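Residue-level listing of the chains:
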Amino acid sequence: VAGVLEGIRVLDFGRYIAGPYVATLLAEFGAEVIRIEKREGSEDRYVTPVGEGDTGALFLQINRNKKCLTLDPMTPEGQEVVKKLVATADVVVANLPPQTLKAMKLDYESLKAIKPDIILTTATAFGGPGPMSDRVGFDGIGQVMSGAVYMTGQGDPPYRAAVNWVDFGTALHCAFGTLAALMERDKTGRGQIVEGALLATAVAFTNATLIEQAVISANRVPTGNLGQTTAPSDIYRTKDGWVLCQVTGAPLFKRWAKLMGEEEFWLNDPRFADDLKRGNHGPIISERMARWCAERTTQEAVDTLGKAQIPSGPVLSPQEALDHPHIRAAGFMQDVEFPGLPKAAPLSRAPVRLSATPGEIRRRAPTLGEHTDEVLSSIGYDGAAIAALREKGIV
């Protein structure tokens, strides 16, 4: 089956997550993606190394299905290569600060002068306009400035999430924006800028908490894993591990009370009349749930809660997640070989399925400069010209 984005060429100047994962998603659904990388290898290639040559785990995940061209775009000859590439492209992805985009001649005005209908997809740390617009930053900046970290853990010290949800969330929004821009271009012939920001993503994800604070000044403080506006909602110790249970809404609470065998008590006490009241009296409800979980293994608790249609799940280590029968059966990951790895890497497929035109991991992430000759040949460079560029250290 041809990918839904077949025929779309994407130039990926991105680094780390927020830019490259946009291009990953586009590639998964059929776009041709060319990653333009420093000659010595960009720094994000080597984060969390798992194989020979310091190949990084993150790089393997978010650079599959891409071709790799090495290039120094700050030289006159490198600029000429960029111009020829842009002339053949539909989308340029670059999560770089505005001043860096201008220096590399990847700003929208420069790109538009080469290809009038080009789409530039970019992401910054802080967005703008604003006093911090020109600063750089990583995922954690969004986490700490949105209220999310303040509300996580017990508060002293505050805890950021170990996973980069701000980066991946920004990439998802930018991929959505890129698709919308491609649809608009099909209708009008116009390109445009698609702009995301880490802080904007984090504020969007934390928005309900911010709305509550703005409207009723709740002045909430962190309470660890204990939910604040519903109950039972916590992580509970079992005989052999931990289990998460989350009950929200009257139908779920009725099912939970029935499972406890204490409907008369829980459903008639005015302290537990609605979600907010249950949240306010969360420790009382959680104490009951804790006793129930302590009498069971994690598997028994999860299975019993699942049969009662109450949301729950086991707390898994990374190895346990890899081994979990549901994660394996659902096919969320695909084992992909890479040169120098001691074993295949389990790459997560795009976590959205299209019934008629599904995404596909067609090939592993590229080795450094693996497709330099192929890409340059596609824009008119012959063997002698490519050799000259290599001799000068341009590619």
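For every chain, the first residue of the written sequence is number 1, and numbering continues from 1 along that sequence. In keeping with the model being predicted, local features are shown solely for residues with a pLDDT of at least 70 and side-chain atom pairs are shown and tallied solely at 80 or more, while totals for entire chains, interfaces and linings include all residues. Just so you know, side-chain values use all the structure's heavy atoms and leave hydrogens and water out.

Points about unusual backbone geometry
The peptide bond linking G128 to P129 adopts the cis configuration, its omega dihedral lying at 5°. Tracing the backbone through its elements, the reader meets P129 in the loop between β5 (119-124) and α6 (139-145). Residue A231 is joined to P232 through a cis peptide bond whose omega torsion reads -5°. Positive phi outside glycine occurs at N65, with the angle close to 70°. A residue is classified by how much of its surface remains accessible, and N65, at 1% relative accessible area, is buried. The phi torsion at Q309 lies on the positive side, around 60°, for a residue other than glycine. As for its placement among the helices and strands, Q309 is situated in the loop between α14 (298-307) and β9 (312-314). Only DSSP runs of H or I reaching four residues or more are called helices, and only runs of E reaching two or more are called strands; each is numbered from the N terminus. When accessible area is computed with a 1.4 Å probe and restricted to protein chains, residues below 20% of their type maximum are described as buried, those above 50% as exposed, and intermediate ones as partly exposed.

As for the sheet that holds strand β8 (residues 242-246)
Only when DSSP finds a minimum of two bridges between them are two strands counted as paired. The strand order across the open sheet formed by three strands is β7-β8-β9, and the pairing between neighbours is antiparallel. Looking along the sheet, the strands with just one partner apiece sit at the ends: β7 (233-237) and β9. When strand polarity is set aside, the average angle formed by the axes of neighbouring strands in this sheet is 20°. Inspection of the sheet shows β7 paired to β8 by five bridges, in the antiparallel sense. Residue I235 lies in a different strand from β8, and its bridge partner there is L244. Whether two residues are in contact is decided by their heavy atoms, any of which lying within 4.5 Å being enough. An axis is simply a line fitted to the C-alpha atoms; with a helix, the fit covers only the stretch in contact. Between two such axes, the angle follows the N-to-C directions and lies from 0 to 180 degrees. Of the strands in this sheet, β7 and β8 touch helix α13 (residues 282-294), which is tilted by about 35° from β7.

What to know about the side chain of R45
Mapped onto the elements of the fold, R45 is located in the loop between β2 (32-37) and α2 (57-62). We call two N or O atoms a polar contact when they sit within 3.5 Å, provided that within protein one can donate a hydrogen and the other can accept it, with sequence-adjacent residues counted only if both atoms are side-chain atoms. At 2.6 Å, the side chain of R45 and the side chain of E37 are in polar contact. Beyond its immediate stretch of four places on either side in the chain, R45 contacts E37, D54, T55, G56, F59, C68, P366, T367 and L368.

Comments concerning the pattern of salt bridges
Every case where a carboxyl oxygen of Asp or Glu lies within 4 Å of a side-chain nitrogen of Lys or Arg is listed as a salt bridge. In this structure the tally under the stated criterion is 22 salt bridges. In this structure, E43 and K38 form a salt bridge, with 3.0 Å as the shortest nitrogen-oxygen distance. Overall, K38 belongs to the partly exposed group, its relative accessible area being 36%. As a salt-bridge pair, D90 and R185 come within 3.0 Å of each other at their nearest N and O atoms. One end of the pair, D90, is in the loop between α3 (76-87) and β4 (91-94); the other, R185, is in helix α7 (residues 165-188), and 95 residues separate them in sequence. Salt bridges here are not isolated pairs; linked through shared partners, they connect R9, E32, K67 and E374.

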